[in-house]
Amino acid sequence: MPQTRVTNSLIETSKPTLSFEFFPPKDEAGKLTLWNSFDSLNELNPDFVSVTYGAMGSNQETSLAVVERFAPRVATVAHLTCIGASESSIASLLASYERFGVAALLALRGDVPAGQTAPEGHFEHAIDLVHFARSRSELEIGVAAFPEKHPESASFEADAAVLFDKAAAGASFGMTQLFFTAKAYFDLVERNQSHGIDLPIVPGVMPIANAKQVLRMAEMSGAAVPSELHAALMNANNDAEAREIGMEFSARLVRELVAGGSPGIHIFTLNQSKAAIELATSAGLA
């Protein structure tokens, strides 16, 4: 299967990779924040970056514009959700990504927005997109991995079986969803290995700079927040104290992941550079 800059950087370097996730901005102010944050974080020489893509292509045009701007400057992983999409629309997107020179595709099913019903489409699951992308494109393919089980999965073993099938279909690396304990990640890696899965899995970590925001995102995603951390954040005297507690926790988590042998760290930036730089620096990755 094709292996380009992303997989090679994960398996051939003696130092863990550093990478960042961005999302497409919603307005002009958001654009300025994104470009400024990207410029600041790119100074850390990340191994790659990723750009998210909305459910059912809700921000397709903006996402494409960000990917096109990033790709000439740094290895870029373009997220792509497929639920409700047609073969022709996905083929067109793959062609655009190839034209932009992206490093890889992150093949995702995507969630149906609350209150909506998925329209008819060719793709029902992420593996359908993996098969299609591999048959139509030479782009490297990454897939999602779930340290705390996919919300719709029957078991951890079922998750491992799905990931095995994605690897067999052509995926060459994985990236995790949000989680808060090193054990959750290393348990995932161990399960993968026991099922014969040898994909490098990059742990995704969110700096806890805005405690309320991160806790809300954890609740939405189903990520378990350690009770001690939750209590400490809730009992903080002010936002500044909560930020200090959260960032110390985040840095400790990253150090544990690196010490345990994770191939890299993917930082969810929320398009903000300050906390991402602080986390990368304090954890010795920059």
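Predicted model only: the values in this text are computed from it and were never measured. (Residues numbered from 1 in each chain as written. Predicted model: local features only at pLDDT ≥ 70, side-chain atom pairs only at ≥ 80, totals over all residues. Heavy atoms only, no water.)

## Here's the deal with the packing of aromatic side chains
Working step 1: Considering all chains together, one arrives at seven aromatic pairs under this definition.
Working step 2: Taking the centre distance of 6.1 Å and the plane angle of 80 degrees together, the rings of Trp-35 and Phe-70 count as edge-to-face. Of this pair, Trp-35 sits in helix α2 (residues 28–42) while Phe-70 sits in helix α3 (residues 60–70), and the two are 35 residues apart along the sequence. Phe-70 shares its class with Trp-35; the two are buried.
Working step 3: Summarising the aromatic geometry, the rings of Phe-38 and Phe-70 are spaced 4.0 Å apart at their centres and angled 10 degrees between planes, so their arrangement reads as stacked. (Phe/Tyr/Trp six-rings, centres within 6.5 Å; stacked < 30°, edge-to-face > 60°. Helix = DSSP H or I, 4+ residues; strand = E, 2+ residues; numbered from the N terminus. Buried < 20%, exposed > 50% of the residue type's maximum accessible area, 1.4 Å probe, protein only.)

## Quick word on the environment of Val-6
Working step 1: Of note, Val-6 is situated in helix α1 (residues 5–12).
Working step 2: The class for Val-6 is buried, based on a relative accessible area of 1%.
Working step 3: When the C-alpha positions of Val-6 and Arg-136 are compared, they lie 20 Å apart, and in sequence the two are 130 residues distant.
Working step 4: Apart from residues no more than four positions distant in its own chain, Val-6 is found in contact with Phe-48, Val-77, Ala-103, Ala-104, Glu-140 and Phe-173. (Contact = heavy atoms within 4.5 Å.)

## What to know about the pairing of strand β4 (residues 104–108)
Both faces of the sheet carry side chains from a regular strand, because those side chains alternate between them.
Working step 1: Among the five residues of β4, five are classified as buried, and the element is accordingly described as predominantly covered.
Working step 2: Direction of pairing for strand β3 (residues 76–81) relative to β4: parallel, over a ladder of five bridges. Bridging from a neighbouring strand, Leu-80 pairs with Ala-107 of β4.
Working step 3: The β-α-β motif built from β3, the intervening helix α4 (residues 87–100) and the parallel element β4 has right-handed crossover chirality. (Pairing = 2+ DSSP bridges. Right-handed = clockwise from strand over helix to strand, strands pointing away.)

## What to know about helix α6 (residues 156–169)
Working step 1: The terminal C-alpha atoms of α6, which comprises 14 residues, lie 20 Å apart, in line with the 20 Å expected from a rise of 1.5 Å per residue.
Working step 2: Among the residues making up α6, those that are buried are Asp-159, Ala-160, Leu-163, Lys-166, Ala-167 and Ala-169.
Working step 3: Buried residues belonging to α6 abut α5 (126–136), β5 (140–145), α7 (182–194) and β7 (201–202).
Working step 4: Directly beyond the C-terminal end of α6, a positive phi value near 135 degrees is found at Gly-170. (Expected span 1.5 Å × (residues − 1).)

## Points about the pattern of salt bridges
Working step 1: Counting across every chain of the model gives four salt bridges.
Working step 2: A salt bridge links Glu-28 to Lys-31, with the nearest nitrogen and oxygen atoms 3.2 Å apart. Of this pair, Glu-28 and Lys-31 both sit in helix α2, three residues apart, which is roughly one turn of that helix.
Working step 3: We classify Glu-28 as exposed; its relative accessible area is 59%.
Working step 4: Given a relative accessible area of 33%, Lys-31 falls into the partly exposed group. (Salt bridge = Lys/Arg side-chain N within 4 Å of Asp/Glu carboxyl O.)

Function cannot be inferred from these measures alone, as they are strictly geometric.
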